[in-house]
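A look at the structure
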Amino acid sequence: MIETPKCYFVSDLHLFARRSKASDYQQQLDAIIERAEIVVLGGDLFDFKWSTVGSLDATIEQAIDWLQRLIDINPSCQFIYLLGNHDCQVDFVERLADFASCKERLRWHHSHWQCGDTVFIHGDVADKITTPEQLEQFRDHWGNEPI
């Protein structure tokens with residue numbers, strides 16, 4: 001019998017936006033991460049367009065700090081970050097790529113990740129019948145939006 005890893009999926013926290021309710025669930029998320037083997041961060045974890053932090057650079061730094069804090073909770077957990085339309089901001093993606101390159105337990109993907117026979121995506125990938133090119137064009141709109 002093959003044992004399935006304890007895998008959890010979280011998305012659409014929209015951290016840093018006024019409408020985010022993520023702080024209401026942070027303790028639950030931390031508890032889940034403590035026992036997880038894999039956590040898939042399914043996109044729109046952060047919201048750069050409507051950030052209340054003040055500047056793009058400050059928002060990106062807080063996002064990276066938040067990810068580091070998650071990674072520190074469980075030293076054996078693997079994290080998979082999937083981009084969504086609200087967190088595909090160009091400067092963040094560059095910073096995420098640099099950050100992940102130094103973190104053995106963090107990988108990121110632009111549109112999807114497959115584990116066995118399960119495929120994980122962010123919702124904008126499946127909004128309608130979309131080609132990879134159409135997804136790229138859609139996300140380009142979000143990726144260069146100012147705060």
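Residues numbered from 1 in each chain as written. Predicted model: local features only at pLDDT ≥ 70, side-chain atom pairs only at ≥ 80, totals over all residues. Heavy atoms only, no water.

1. Quick look at the packing of helix 2 (residues 56-73) against helix 3 (residues 90-101)
Put simply, the rule is: Axis definition: a line fit to C-alpha positions, over the contact stretch in the case of helices; interaxial angles, taken between N-to-C directions, run 0 to 180 degrees. Numbering goes from the N terminus for both helices and strands, where a helix is a DSSP run of H or I of at least four residues and a strand is a run of E of at least two. Two helices cross in a left-handed way if the nearer one is turned anticlockwise from the farther one by less than a right angle. They cross in a right-handed way if the turn is clockwise. Throughout, a residue-residue contact means that at least one pair of heavy atoms, one from each residue, lies within 4.5 Å. Charged means Asp, Glu, Lys or Arg here, nonpolar means Ala, Val, Leu, Ile, Met, Phe, Trp, Tyr, Cys or Pro, and polar covers whatever is left, Gly included.
At a closest axis distance of 10 Å, the pairing of helix 2 and helix 3 adopts a crossing angle of 35°. In the packing of helix 2 onto helix 3, the handedness of the crossing is right-handed. Packed against helix 2, whose contacting residues are Leu 56, Ile 60, Glu 61, Ala 63, Ile 64, Leu 67, Gln 68 and Ile 71, the element helix 3 presents Asp 91, Phe 92, Arg 95, Leu 96 and Phe 99 at the interface. Considering only residue class, the contact of helix 2 with helix 3 consists of nine nonpolar, one polar and three charged.

2. Description of a negative patch on the surface
Filter applied, for reference: Only residues whose relative accessible area exceeds 30% and that form no salt bridge enter a patch; like-charged residues are grouped when within 9 Å of one another, and nonpolar side chains (Val, Leu, Ile, Met, Phe, Trp, Tyr) when within 5 Å. Surface accessibility in these figures is a Shrake-Rupley result with a 1.4 Å probe; residues are shielded only by whichever protein chains are displayed. Definition used for salt bridges: Asp or Glu carboxyl oxygen within 4 Å of a side-chain nitrogen of Lys or Arg. Only four residue types enter the tally: Lys and Arg on the positive side, Asp and Glu on the negative side; His and the chain ends are excluded. Charge placement uses NZ in Lys and CZ in Arg. For Asp and Glu, CG and CD serve respectively.
A contiguous patch of negative charge, built from Asp 57, Asp 91, Glu 94 and Asp 98, is present on the exposed surface. Looking at which element gives the most residues to the negative patch, the answer is helix 3, with three residues. Locating Asp 98 in the fold gives a position in helix 3.

3. Structural notes on the pairing of strand 6 (residues 118-121)
To be explicit about the condition: Pairing between strands requires that DSSP locate at least two bridges from one strand to the other.
Across four bridges, the pairing between strand 5 (residues 112-115) and strand 6 is antiparallel. Note on strand 6: the bridge partner recorded for Trp 113 is Phe 120. The antiparallel pairing of strand 5 with strand 6 creates a hairpin that spans two residues between the two strands, and Gly 116 there sits at a positive phi of about 65°.

4. With respect to the sheet that holds strand 4 (residues 106-109)
The parallel open sheet is built from four strands, whose spatial order is 1-2-3-4. Every interior strand has two partners, whereas the edge strands, strand 1 (7-10) and strand 4, have only one. Averaged over all pairs of adjacent strands, the angle between strand axes in this sheet comes to 20°, irrespective of strand direction. Of the strand pairs in this sheet, strand 1 and strand 2 (residues 38-41) are connected by four bridges, and their pairing is parallel. Opposite Phe 9, over in strand 2, you have Val 40 as the bridge partner. The strands that helix 2 touches are strand 2, strand 3 (78-82) and strand 4; relative to strand 3, the one it contacts most, it runs at about 150°.

5. A word on the environment of His 86
Its place among the elements puts His 86 in the loop between strand 3 and helix 3. Each C-alpha atom, one on His 86 and one on Trp 50, is 9.2 Å from the other, the two residues being 36 residues apart in sequence.

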